[in-house]
Amino acid sequence: MQTGWNENRALLRGTAAGSPVFSHENHGVAYDLFPLSVQRLSGAADRLNVVLPRSLLTACPVYEGLPLEVQGEVRSFNNRSGSGSRLVITVLARELAPTAEKPANHLALAGALCKPPILRRTPLGREICDLMLAVNRRYGRTDYLPCIAWGSLARRCAELAPGNRVELEGRLQSRVYTKRLGETSEERTAFEVSVSVLERLDAPAPAEQPCG
């Protein structure tokens, strides 16, 4: 892999599943959000949220059903509204263009683990390891990205420790689950990085980095 420390690159090709709506404003720049449906090899589709500066829509207007290529970075923020998932994962688009190429979902990330890995088994007995990767941005901010690995890679990941630096490749996937809220329940969507390749960097590990 040709990645570096604190690298964060995303390449998605899919179909816009809705029109952009206002998301937020930061330093005088308006950002919009739209869902992108990216088909897997299995035929299922991941529905991923893309955030982009409104200026990108001038050169490439987005509408439902438009096949698009998005290049950018994976971002996270803590949802403190009390409604919906606590950790929100999006893709910040840096480049946007119509495409006729086949679907793609590829991430290249490098950062440090900020929690102990958790190795477990699915109800069908398959091994899976949960990781939390901290990827530093410029200007002192950090994205915290939940990752999962399967099988023999899961067992390797379970040997890592908080503070270990790693680089990985994978894809961003969505997963619908039911959250129980007292006597009621709510359907939510979780986003996580499904890891296909992971390497531990040879540089000495930094001090343990707490998750935000």
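Residues numbered from 1 in each chain as written. Predicted model: local features only at pLDDT ≥ 70, side-chain atom pairs only at ≥ 80, totals over all residues. Heavy atoms only, no water.

A. Fine view of the overall build of the chain. Check the secondary structure of the chain and you find 2 helices and 12 strands. Of the regular secondary structure in the chain, the N- to C-terminal order runs β-β-β-β-α-β-β-β-β-β-β-α-β-β. Taking 2.2 N^0.38 as the reference for a compact globule, 212 residues should give roughly 17 Å; the C-alpha atoms of the chain span a radius of gyration of 18 Å, in line with that estimate. Along the first, second and third principal axes, the C-alpha atoms of the chain reach 45 × 45 × 35 Å. In the chain, the proportion of contacts linking residues at least 24 apart, taken out of those at least 6 apart, comes to 61%. When the accessible surface of the chain is totalled, it reaches about 11,800 Å², and 49% of it is carbon and sulfur. Each charge class in the chain was averaged separately, 26 positive and 22 negative side chains, and the resulting centres sit 3 Å apart. (Helix = DSSP H or I, 4+ residues; strand = E, 2+ residues; numbered from the N terminus. Rg over C-alpha atoms; globule rule 2.2 N^0.38 Å. Contact = heavy atoms within 4.5 Å. Areas by Shrake-Rupley, 256 points an atom, 1.4 Å probe, with all protein chains shown as cover. Lys, Arg positive; Asp, Glu negative; His and termini not counted. Charge placed at Lys NZ, Arg CZ, Asp CG, Glu CD.)

B. Main features of the environment of Cys 211. Assignment of secondary structure puts Cys 211 in the segment after β12 (184-200). Beyond its immediate stretch of four places on either side in the chain, Cys 211 contacts Cys 114, Lys 115, Met 132 and Tyr 144.

C. Highlighting unusual backbone geometry. We note that His 27 has phi near 55°; this positive angle belongs to a residue other than glycine. By the secondary structure assignment, His 27 is in the loop between β2 (21-26) and β3 (29-39). In this structure His 27 comes out as exposed when scored by relative accessible area, which is 76%. (Buried < 20%, exposed > 50% of the residue type's maximum accessible area, 1.4 Å probe, protein only.)

D. View of the side chain of Glu 127. Position of Glu 127 among the secondary structure elements: in strand β9 (residues 127-136). Its relative accessible area of 14% is what places Glu 127 among the buried residues. Only 2.3 Å separates the side chain of Glu 127 from the side chain of Arg 155, close enough to count as a polar contact. Aside from chain neighbours lying at most four places away, what touches Glu 127 is Leu 119, Arg 120, Arg 121, Ala 149, Trp 150, Gly 151, Ala 154 and Arg 155. (Polar contact = N/O pair within 3.5 Å; in protein donor to acceptor, adjacent residues only side chain to side chain.)

E. Quick look at the pairing of strand β10 (residues 142-150). The element β10 is largely enclosed, with a buried count of 8 among its 9 residues. Two elements, β9 and β10, share 9 bridges in a ladder whose sense is antiparallel. Each bridged residue has a counterpart across the sheet, and for Leu 131 the counterpart in β10 is Cys 147. Here β10 runs beside β12; their pairing, made up of 2 bridges, is parallel. Looking across to β12, one finds that Cys 147 is bridged to Val 193. (Pairing = 2+ DSSP bridges.)

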